[in-house]
Amino acid sequence: MSLFHVDPDIAAAKTLHSFFYTDPGIYDLCRSKIFFPSWQLAGDAGNLQENGQCHPFTLLEGYMDEPLLLTRDAAGELHCLSNVCTHRGAILVQERCKAAQLRCPYHGRIFKHDGSFHSMPEFKEVRNFPAASDSLPAFPLLQLGPLLFTSLDRTAGWKPYLQDMTDRISWLPLHEFTYSRERSRTYQVEAHWALYCENYLEGFHIPFVHAGLNTVIDFGHYTTELFPLSSLQLGIAKDEEDCFSLPPSSPDYGKKVAAYYFFIFPNMMFNFYPWGLSINIVKPKGPDRCEVEFLTYIWKADKLDTGAGAALDEVELEDEAIVKSVQRGIRSRFYEQGRYSVTREQGTHHFHRIISSML
């Protein structure tokens, strides 16, 4: 039986072994087994409003470290490409720009905005050139409102990761959500990336860690729903003024929903509030540390700083303190595994089961 086996019966299961969080080899293995096939947030379509615009970025810098490039071609189509020239490996685009074509700054190789090879100086004598491999690798791209997603595994479909979330909030006009740089934050957390995710995946700790949040969330009606590679925690409001005005088409119509907490495996959180959306991206930075990027998208500014979506900085600091404590604890000689609350830790058990199936 695998060291990381997690029993499908939550009542009988034990958590992942502490070895998962402390061994550098397992941390490295997660790159190829867990993160490579995953779908990740690639950027905001607002950075590519005009044809010919290019937006370079590094996917999960410090861990996957993959140089990628978002482009909008002359027909208005969006593309996600490798940002590495197929000649000698130079980075093609260093900063956001608008260009008629993609020209390598090293030897002048030119690509079109869809990544296809266009021309190369001093290559007339090269046989069997150009070949398909001389074009830039292109990656799948999904757009949800302003949000763009991609995967390094060009065969990985997006639906197991994102379909259940998109179906559940299909009534929300995501195209009206606007990124707010002023309300976005980045936090350095002294804990393994999975410990941070596990903390997010259960509401069990809310009454003990988040006194402020507990005053607006009805803990007794807090529920968790599980999907193939995602999960949803439904936060019910105590006060009707702090909840969504749901349309009859919503499966949650009639409920006082204060927040939709969607977790997309392995490291993304999409927190929908009546005022908009807070996205949390957990970026591994080492076996004992991670970076958490909070991206804020505003929908209804008049509802900011109310209900479950208020005081997010305070909630984050409370979470940081507890996961930092756990990071220290899992290194103890006397801790190896724990057990799950059947009623409160379904999300964490589900997360561990997915990890177990991939390693």
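The model shown is predicted, which means the values in this text are computed figures rather than measured ones. Think of each chain on its own: its residues are numbered from 1, step by step along the sequence as written. With pLDDT at 70 or above as the cut-off, local features in this predicted model cover only qualifying residues; side-chain atom pairs require 80 or more to be listed or tallied, and sums for whole chains, interfaces and linings still use all residues. Note: side-chain values were computed over all heavy atoms of the structure, leaving out hydrogens and water.

### Section: the overall build of the protein chain
Part 1 of the argument: Helices and strands together make up the secondary structure of the protein chain, namely eight helices and 18 strands.
Part 2 of the argument: For the protein chain, whose C-alpha radius of gyration is 22 Å, the value lies close to the compact-globule estimate of 21 Å for 359 residues.
Part 3 of the argument: On the principal axes, the C-alpha backbone points of the protein chain span a range of 70 × 50 × 30 Å.
Part 4 of the argument: When burial is assessed residue by residue, the protein chain has 55% of its 359 residues classed as buried.
Part 5 of the argument: The contact criterion used throughout is that any non-hydrogen atoms of two residues lie within 4.5 Å. Relative to all contacts within the protein chain whose residues are 6 or more apart in sequence, the contacts with residues 24 or more apart total 62%. Helix numbers and strand numbers start at the N terminus; a helix is a DSSP run of H or I with at least 4 residues, a strand a run of E with at least 2. Our radius of gyration looks at C-alpha atoms and nothing else; its globule reference is 2.2 Å times the residue count to the power 0.38. Under the scheme applied here, a residue whose accessible area is under 20% of the maximum for its type counts as buried, over 50% as exposed, and between as partly exposed, the area being computed with a 1.4 Å probe on protein chains only.

### Concerning the packing of aromatic side chains
Part 1 of the argument: The rule is short: rings of Phe, Tyr and Trp, with Trp giving its six-membered ring, pair when the centres are within 6.5 Å, and they are stacked under 30 degrees, edge-to-face over 60, tilted in between. This structure, assessed with the given rule, holds 23 aromatic pairs.
Part 2 of the argument: Taking 4.9 Å as the distance between ring centres and 50° as the angle between the ring planes, the aromatic pair formed by Tyr-27 and Tyr-63 counts as tilted. Taken together, the residues Tyr-27 in helix 2 (residues 24-35) and Tyr-63 in the loop between strand 2 (53-59) and strand 3 (66-72) connect sequence positions 36 residues apart.
Part 3 of the argument: The class for Tyr-63 is buried, based on a relative accessible area of 3%.

### Some details on the packing of helix 4 (residues 193-200) against helix 8 (residues 346-358)
Part 1 of the argument: Between helix 4 and helix 8, the shortest axis-to-axis distance is 8 Å and the interhelical angle comes to 145°. For the pair helix 4 and helix 8, contact is made by Trp-193, Ala-194, Cys-197 and Glu-198 and by Thr-348, Phe-351, His-352 and Ile-355, respectively.
Part 2 of the argument: Partitioning the contact of helix 4 with helix 8 into residue classes produces five nonpolar, two polar and one charged. Fitting a line to C-alpha atoms yields each axis, with helices limited to the stretch in contact; the angle taken between N-to-C directions then spans 0 to 180 degrees. Ten residues, namely Ala, Val, Leu, Ile, Met, Phe, Trp, Tyr, Cys and Pro, are considered nonpolar, four, namely Asp, Glu, Lys and Arg, are considered charged, and the remaining ones, Gly among them, are considered polar.

### Side note on the sheet that holds strand 12 (residues 178-189)
Part 1 of the argument: Note on pairing: two strands pair once DSSP finds at least 2 bridges between them. Read from one edge to the other, the open sheet built from seven strands follows the order 12-18-17-16-15-14-13, with strand pairing classed as antiparallel. Strands at the two margins of the open sheet, each flanked by one partner only, are strand 12 and strand 13 (223-227). Between one strand and the next, the sheet's axes are offset by a mean angle of 15°, whatever the strand orientation.
Part 2 of the argument: Contacts from helix 3 (residues 159-168) reach strand 13, strand 14 (230-236), strand 15 (257-264) and strand 16 (268-273) within the one sheet, and its direction differs from that of strand 15 by about 165°.
Part 3 of the argument: Helix-sheet contacts for helix 7 (residues 312-329) involve strand 12, strand 16, strand 17 (276-286) and strand 18 (289-298), and the interaxial angle to strand 12 is about 20°.

### Topic: unusual backbone geometry
Part 1 of the argument: In the segment running from Phe-129 into Pro-130, the intervening peptide bond is cis, with an omega of 0°.
Part 2 of the argument: Mapped onto the elements, Pro-130 comes out in the loop between strand 8 (117-119) and strand 9 (138-139).
Part 3 of the argument: With a phi angle near 60°, Glu-122 is a residue other than glycine that sits in the positive phi range.
Part 4 of the argument: Positive phi, normally seen in glycine, also occurs at Asn-128, with a value near 55°.

### Notes on the domain arrangement of the protein chain
Where interface size is quoted, it is often the accessible area lost as the parts come together.
Part 1 of the argument: Domain boundaries assigned for the protein chain yield domain 1 (39-155) and domain 2 (160-358).
Part 2 of the argument: Placing the centre of domain 1 and that of domain 2 at their C-alpha centroids yields a distance of 32 Å.
Part 3 of the argument: Residue-level contacts link 14 residues of domain 1 with 19 residues of domain 2.
Part 4 of the argument: Joining two parts hides part of their accessible area as seen by a 1.4 Å probe, and the buried area is that hidden amount summed over both. With both chains or domains summed, domain 1 and domain 2 bury close to 1,300 Å², and 73% of this area falls on carbon and sulfur atoms.
Part 5 of the argument: Salt bridge, as used here: a side-chain nitrogen of Lys or Arg that lies within 4 Å of a carboxyl oxygen of Asp or Glu. For the pair domain 1 and domain 2, the number of links is zero salt bridges.
Part 6 of the argument: Whenever two N or O atoms come within 3.5 Å, that pair is a polar contact, provided that in protein one can donate a hydrogen and the other can accept it, and provided that, for residues adjacent in sequence, both atoms are side-chain atoms. Between domain 1 and domain 2 we count three residue pairs in polar contact (both at pLDDT 80 or more) in total.
Part 7 of the argument: Among the elements that line the side of domain 1 that touches domain 2, the one with the most residues is strand 1 (residues 39-44), at four residues.
Part 8 of the argument: When grouped by side-chain class, the residues that make up the side of domain 1 that touches domain 2 number nine nonpolar, three polar and two charged. Boundaries between domains were set according to an automatic or database domain assignment.

### A few points about the environment of Thr-150
Part 1 of the argument: In this fold, Thr-150 is placed in strand 11 (residues 147-151).
Part 2 of the argument: Judged by its relative accessible area of 1%, Thr-150 is buried.
Part 3 of the argument: Each C-alpha atom, one on Thr-150 and one on Glu-182, is 26 Å from the other, the two residues being 32 residues apart in sequence.
Part 4 of the argument: The contacts of Thr-150, once residues within four sequence positions are left out, are Ser-38, Trp-39, Gln-40, Ala-42, Leu-68, Cys-80, Phe-139, Pro-140 and Leu-141.
Part 5 of the argument: Side-chain polar atoms of Thr-150 contact the backbone oxygen of Pro-140, separated by 2.6 Å.

### Looking at the sheet that holds strand 9
The pairing of strands in a sheet comes from backbone hydrogen bonds and takes either a parallel or an antiparallel form.
Part 1 of the argument: Strand order in this open sheet of five strands is 5-2-3-4-9, and the pairing throughout is antiparallel. Of all strands in the sheet, those with a lone pairing partner are strand 5 (97-98) and strand 9, marking the two edges.
Part 2 of the argument: For strand 2 and strand 5, the ladder comprises two bridges, and the chain directions are antiparallel. From the neighbouring strand, Gln-53 faces strand 5, where its bridge partner is Lys-98.

### Observations regarding the pairing of strand 15
Part 1 of the argument: The buried fraction of strand 15 amounts to eight of the eight residues, a majority that puts the element mostly inside the structure.
Part 2 of the argument: By the bridge criterion, seven bridges tie strand 14 to strand 15 in an arrangement that is antiparallel. Its bridge partner lying in strand 15, Ile-236 is registered against Val-257.
Part 3 of the argument: As paired elements, strand 15 and strand 16 share five bridges and run antiparallel to each other. Of the residues in strand 16, the one forming a bridge with Tyr-260 is Phe-272.
Part 4 of the argument: Counting the residues between successive antiparallel strands, the hairpin from strand 15 to strand 16 contains three residues.

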